[in-house]
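So you can see what is in the structure, the chains are spelled out below.
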Amino acid sequence: MVRELVTLVVVLSVVGLFILLLRRAGENSRSRSSKSVQERVVGTAAPERAPRERKRKRKPQPGGKRPPAPEPEEEEEDEDDDAPAPAAREAADDETTEAFKAGLAKTRGGFVAKLGKLFGKKKIDADVLPALEEVLFTADIGPRAADRIFESVKKGLGKDDLADAPKIWAKIRATSTAILDVGAPPVDWSAKKPFVLLVLGVNGVGKTTTIGKLAALLAGQGKRVILAAGDTFRAAAAEQLEVWAKRAGCPVVRGKEGGDPSSVIFDAVKRGVDEGADLVICDTAGRLHTKTDLMDELKKVRRVIDKAMPGAPHETWMVLDATTGQNAITQAKTFKDAMEITGIVITKLDGSAKGGVILGICDELKVPVRYIGVGEKLEDLRPFDPAAFVAALYDDTDIAAAE
Ligand SMILES: Nc1nc2c(ncn2[C@@H]2O[C@H](COP(=O)(O)OP(=O)(O)O)[C@@H](O)[C@H]2O)c(=O)[nH]1
Ligand SMILES: [Mg+2]
């Protein structure tokens, strides 16, 4: 009797266990499929985050054509995982990287070439650190960004790794990408109608040129763009904007020379609202007798825009000239202290050895770089892609030539 009871208990336990296992397996497969749906939704909602989240793991290839892909700082390299990234994405990245490289030729001849010399030696060891520190701190990337990159190499790599140039490059790339990727979602131009973009910056940095290029780009996508000639200091400024507007095929609202910039910009935004335009892009003057006068004027412009369309401007971008090096960082800080800046455009990267300043600007301001200017022509405005920028900046194919 006792034996029969024991057998019954054992059989019941086995059946119970079996049912439990079946249930668990069912739950797992359900949660896996709902997670993959979630990932797909998130993937479409935030396409700009893809380069950072992507985990491309490749072994460093000394002397190879492609540099190791940048990786987030915290992630350790997995030497055994050779899985290539999807071919389509690789191709798109290569294309963007090549486009950036053309505009960064001079910058790559600056501190990047010095780094190349440092790591190009046949034998490198831990003594490389003081030399690396000097190159970084004398580059135009600003002391904070220099310190961040230096510390990531010093603390993140062991003694043996410091003799391995591809590993040092990978660390520098990863930290640079992390500095540049401030995690901002892409601008959704259709979020408002009209979407009002205010463009600021000191005289001569390239505001009007950038607005002209951007207007052409967006008008080319079928958007109805209105330009506001808010630089009323010189008639030539409005005329310059009109030339760009003609190329882009969009109207310009302009006032009298020496008139009130706020009233011109108010009229333009009002017209955008009345006519149901998609975008109003407002140019401004970058000169006034004093810095306080300029900031007061720009604050007034912002208040007036809000009167013409409550909640506007929806983005306020600051344009900075890369050729001014660390001055650009100082300018950016001055403007940011006085008002909200939501995006940055860096111009004249084609004519500057100081393009690394972009690292200092992002590190100080934590504001996304939206576009870069790599020339004076209509097509010389490129959407900024941190991963492609870093790949182009530190591509060791030609760095070897600097040895
Ligand atoms: N090489 C180069 N020149 C540029 C770029 N962007 C603007 N410029 C030039 O810089 C000068 C000043 O530009 P402008 O738009 O008038 O500056 P603003 O005073 O800020 O409006 C002009 O001669 C432009 O052609 C660029 O990305 N590369
Ligand atoms: Mg101008």
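Quick caveat: nothing in here was measured; it's all calculated off a predicted structure. Every chain begins its residue count from 1, and numbering advances along the sequence as written. Chain letters and ligand numbers both follow the written order, the letters beginning at A and the numbers at 1. The predicted nature of this model means local features are confined to residues of pLDDT at least 70 and side-chain atom pairs, given and counted, to a pLDDT of 80 or more, with totals for whole chains, interfaces and linings taken over all residues.

Details of the overall build of the chain
And then number 1: Across its full length, the chain holds 16 helices and 8 strands.
And then number 2: For the chain, the proportion of its 403 residues judged to be buried stands at 42%.
And then number 3: It is the C-beta atoms, placed from the backbone, that decide contacts: two residues are in contact if theirs lie within 7 Å. In the chain, the proportion of contacts linking residues at least 24 apart, taken out of those at least 6 apart, comes to 78%. Secondary structure elements follow DSSP: runs of H or I no shorter than four residues count as helices, runs of E no shorter than two count as strands, and numbering proceeds from the N terminus. Backbone-placed C-beta atoms define the burial measure: a residue is buried with 20 or more other C-beta atoms within 10 Å of its own, exposed with 12 or fewer, and partly exposed in between.

Some points on the site of ligand 1
And then number 1: To decide whether a residue is near a molecule or strand, its C-beta atom is placed from the backbone and checked for lying within 6 Å of it. Within the structure, ligand 1 sits among 18 residues, and Gly206, Lys207, Thr208, Thr209 and Gly373 are positioned closest to it.
And then number 2: Examining the composition of the shell around ligand 1, we find that 3 residues originate from one element, helix H9 (residues 207–220), more than from any other.

Here we look at the sheet that holds strand S3 (residues 252–253)
And then number 1: Here we have 8 strands laid out as an open sheet, ordered S3-S2-S4-S1-S5-S6-S7-S8, and mixed in their pairing. Of all the strands in the sheet, the pair left with one neighbour each is S3 and strand S8 (381–383).
And then number 2: Pairing between two strands is assigned when DSSP locates at least 2 bridges connecting them. Inspection of the sheet shows strand S5 (residues 315–321) paired to strand S6 (residues 343–347) by 5 bridges, in the parallel sense. Each bridged residue has a counterpart across the sheet, and for Trp317 the counterpart in S6 is Gly343.
And then number 3: Where helix H11 (residues 261–275) meets the sheet, it contacts strand S1 (195–200), strand S2 (225–230), S3 and strand S4 (279–284), and its direction lies at approximately 170 degrees from that of S2. Fitting a line to C-alpha atoms yields each axis, with helices limited to the stretch in contact; the angle taken between N-to-C directions then spans 0 to 180 degrees.

Some points on the pairing of S2
And then number 1: Counting buried positions over the 6 residues of S2 gives 6, a clear majority of the element.
And then number 2: Residues Val225, Leu227 and Ala229 point to one face of S2 and Ile226, Ala228 and Gly230 to the other, with burial holding for every one of them.
And then number 3: As paired elements, S2 and S4 share 6 bridges and run parallel to each other. Residue Gly230 lies in a different strand from S4, and its bridge partner there is Thr284.
And then number 4: As judged from the 2 bridges shared by S2 and S3, these two strands associate in the parallel manner. Across the sheet, Ala228 pairs through a bridge with Val253, a residue of S3.
And then number 5: Whether a crossover is right-handed comes down to one check: with the strands pointing away from the viewer, does the path from the first strand over the helix to the second run clockwise; if it does, it is right-handed. In this region the chain leaves S2, passes through helix H10 (residues 235–248) and returns to the parallel neighbour S3; the handedness of that crossover is right-handed.

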